[in-house]
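# Inside the fold
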Amino acid sequence: MFWRVIGGFITLWMAGAMVGAQEVRVTAPPTDPETLLKAVEGNQKQIEEGRKNYIFHRRDEEQDTDESGNVKKTTVSEYEVFFMGHREIERLLVKDGKPLSDSEKKKQDDEVAKQEKRARERMRKEEAGEQDKDEINLAKFLADDRFYNLRRETFRGREVYAFDFAPRPDFKPHNLSEKVLESLGGTLWIDEDAKQAVRLEAHLLDGFKVGGGIVGSVKKGGNVVFEQEKVNGEVWLPSYGEVHLDYRIVFSRKVTNVVVKYSDYRKFKVESKITGFEEVKPEI
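Residues numbered from 1 in each chain as written. Predicted model: local features only at pLDDT ≥ 70, side-chain atom pairs only at ≥ 80, totals over all residues. Heavy atoms only, no water.

## What about helix α4 (residues 102-127)?
Test applied: Numbering of helices and strands runs from the N terminus; a helix is a DSSP stretch of H or I covering at least four residues, while a strand is a stretch of E covering at least two. Here a helix's expected span is defined as the number of its residues, less one, multiplied by 1.5 Å. For every residue, the accessible area (1.4 Å probe, protein chains only) is compared with the maximum for its type, and the residue is labelled buried under 20%, exposed over 50%, or partly exposed between those bounds. The contact rule is simple, with two residues in contact once any of their heavy atoms fall within 4.5 Å.
The first and last C-alpha atoms of α4 sit 38 Å apart over 26 residues, in line with the 38 Å expected at 1.5 Å per residue. Regarding α4, the residues found buried are Gln108, Val112, Gln115, Glu116, Ala119 and Glu126. Among the structural elements, β2 (71-84) and β3 (87-95) are those in contact with the buried residues of α4. Downstream of α4 by a residue or two, glycine 129 has a phi angle that is positive, lying close to 90 degrees.

Printed below as a string of structure tokens:
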């Protein structure tokens, strides 16, 4: 689904695409957003280490609408999800209220294995210092955007820092992920104690083309919301997301609204892959 590609570009770095950094400790209040972002990056390996022990549920509700906003189709998909590095590995469980057949479950086994293989390969390359040009990471974010209006706020009872961001006027994109960044502006909230992103609101300030416009295009005005929360007092995991896009694929135009909800966070220890895991009850 095209919305998942674009939404993934926008939210991947928040879910943990900031890898390979030296640890940065901020003991005094940060004086600029860049310092704060580097502190978030410095915590990322610790975050990844904690959440690799969790498996959880994700529910995607996707509505396709016409140009007037009338709903043409609604699709609900439910997944079992866990992390490898900073990437979600997902297994489809239910679609539109119907559990999968045996043959569909077998296809999901194969799909999960492919996702795991891709994640391991990307982790290996990142450890070797190779960056994926199609991912939005902190280095690109810092190089391509300007950050301003750093302030303190309260978000769901926690003290947070917030700041706004927008593309630099002189920024020239070279690939799809950079085209997304060039079109993007919004606000990011970061937990003051944990130095972890808790909410992202991003808006497409301009449209952009994919494949020179032959493959598709995304119209100005779309937006994405992504949130994380602290689970069991020990690890930050995704909790909520929204993607609203007006886009075209070849000759087909779609207006899509998606709400993503995460729940049922459980500890587990891997036996071999996601087909076999043992749940571990949190310590009290």
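## Some details on a nonpolar patch on the surface
Selection rule: Exposure above 30% relative accessible area and the lack of any salt bridge qualify a residue for a patch; like charges then connect within 9 Å, and the nonpolar side chains Val, Leu, Ile, Met, Phe, Trp and Tyr within 5 Å. Note on areas: these come from Shrake-Rupley sampling with a 1.4 Å probe, and a residue is covered only by the protein chains present in the view. Each reported salt bridge corresponds to a side-chain nitrogen of Lys or Arg within 4 Å of a carboxyl oxygen of Asp or Glu.
A cluster of nonpolar side chains, Ile249, Val250 and Phe251, forms an exposed patch at the surface whose accessible area comes to about 340 Å². Along the chain, the position of phenylalanine 251 falls in the loop between β12 (235-249) and β13 (252-270).

## Re the environment of proline 30
Relative to the helices and strands, proline 30 resides in the loop between α1 (2-17) and α2 (33-42). Placed 120 residues apart in sequence, proline 30 and leucine 150 show a C-alpha to C-alpha distance of 9.1 Å.

## A short note on the pattern of salt bridges
Per the counting criterion, the structure on display carries 22 salt bridges. In this structure, glutamate 121 and arginine 124 form a salt bridge, with 2.7 Å as the shortest nitrogen-oxygen distance. With glutamate 121 and arginine 124 both in helix α4 and three residues apart, the pair spans about one turn of that helix. Accessibility expressed as a relative area gives 34% for glutamate 121, which makes it partly exposed.

## Focus: the pairing of strand β7 (residues 184-191)
Definition in use: DSSP-based pairing: two strands are paired if at least 2 bridges between them are found.
Within β7, eight of the eight residues are buried, which leaves it mostly tucked inside the rest of the structure. Across six bridges, the pairing between strand β6 (residues 158-167) and β7 is antiparallel. The residue of β7 that forms the bridge with aspartate 164 is threonine 187. Here seven bridges tie β7 to strand β8 (residues 197-204), and the two strands are oriented antiparallel to one another.

## Some thoughts on the confidence of the model for the protein chain
Note the threshold: Each residue gets a pLDDT score, which is the predictor's confidence in that residue and runs from 0 to 100.
For the protein chain, the average pLDDT comes to 81, and 80% of its residues sit at 70 or higher. The weakest mean pLDDT in the protein chain belongs to strand β14 (residues 277-280) at 50; the strongest belongs to strand β4 (residues 98-99) at 94. Confidence drops under a pLDDT of 50 for residues 16-27, and excluding neighbours within four residues, the segment shows 26 contacts in the predicted structure. Counting interchain partners and residues more than four positions distant, the pLDDT-below-50 stretch residues 271-277 has 17 contacts.

## Topic: unusual backbone geometry
With a phi close to 50 degrees, aspartate 96 is a non-glycine residue in the positive phi region. With respect to the helices, strands and loops of the structure, aspartate 96 is situated in the loop between β3 and β4. Positive phi values are uncommon outside glycine, yet arginine 156 reaches one of about 50 degrees.

## Here we look at the pairing of β12
Of all 15 residues in β12, 11 are buried; the element is thus mostly enclosed. Two strands pair when backbone bridges link them, and strand β10 (residues 216-218) and β12 are joined in this way by three bridges, in the antiparallel orientation. Counterpart to serine 217 in the pairing with β12 is arginine 248. Alignment of strand β11 (residues 223-231) against β12, held across nine bridges, turns out to be antiparallel. Across the sheet, residue valine 225 finds its bridge partner in β12, namely glutamate 242. Taking the residues that link successive antiparallel strands as the turn, the β11-β12 hairpin has three residues, and the phi of asparagine 232 there is positive, at about 55 degrees.

## Here's the deal with α2
For clarity, the cut-off: Contacts described as polar in this section are N or O atom pairs within 3.5 Å, which, within protein, must combine one atom able to donate a hydrogen with one able to accept it, while residues neighboring in sequence count only if both atoms come from side chains.
Most of α2 is tucked away: seven of the 10 residues are buried. Residues of α2 that are buried: Pro33, Leu36, Leu37, Ala39, Val40, Glu41 and Gly42. Those residues of α2 that are buried lie in contact with α3 (44-51), α5 (138-144), β5 (145-155), β6, β7 and β8. Backbone nitrogen of glutamate 34 and a side-chain oxygen of the N-cap are separated by 3.2 Å at the start of α2; the cap is aspartate 32.

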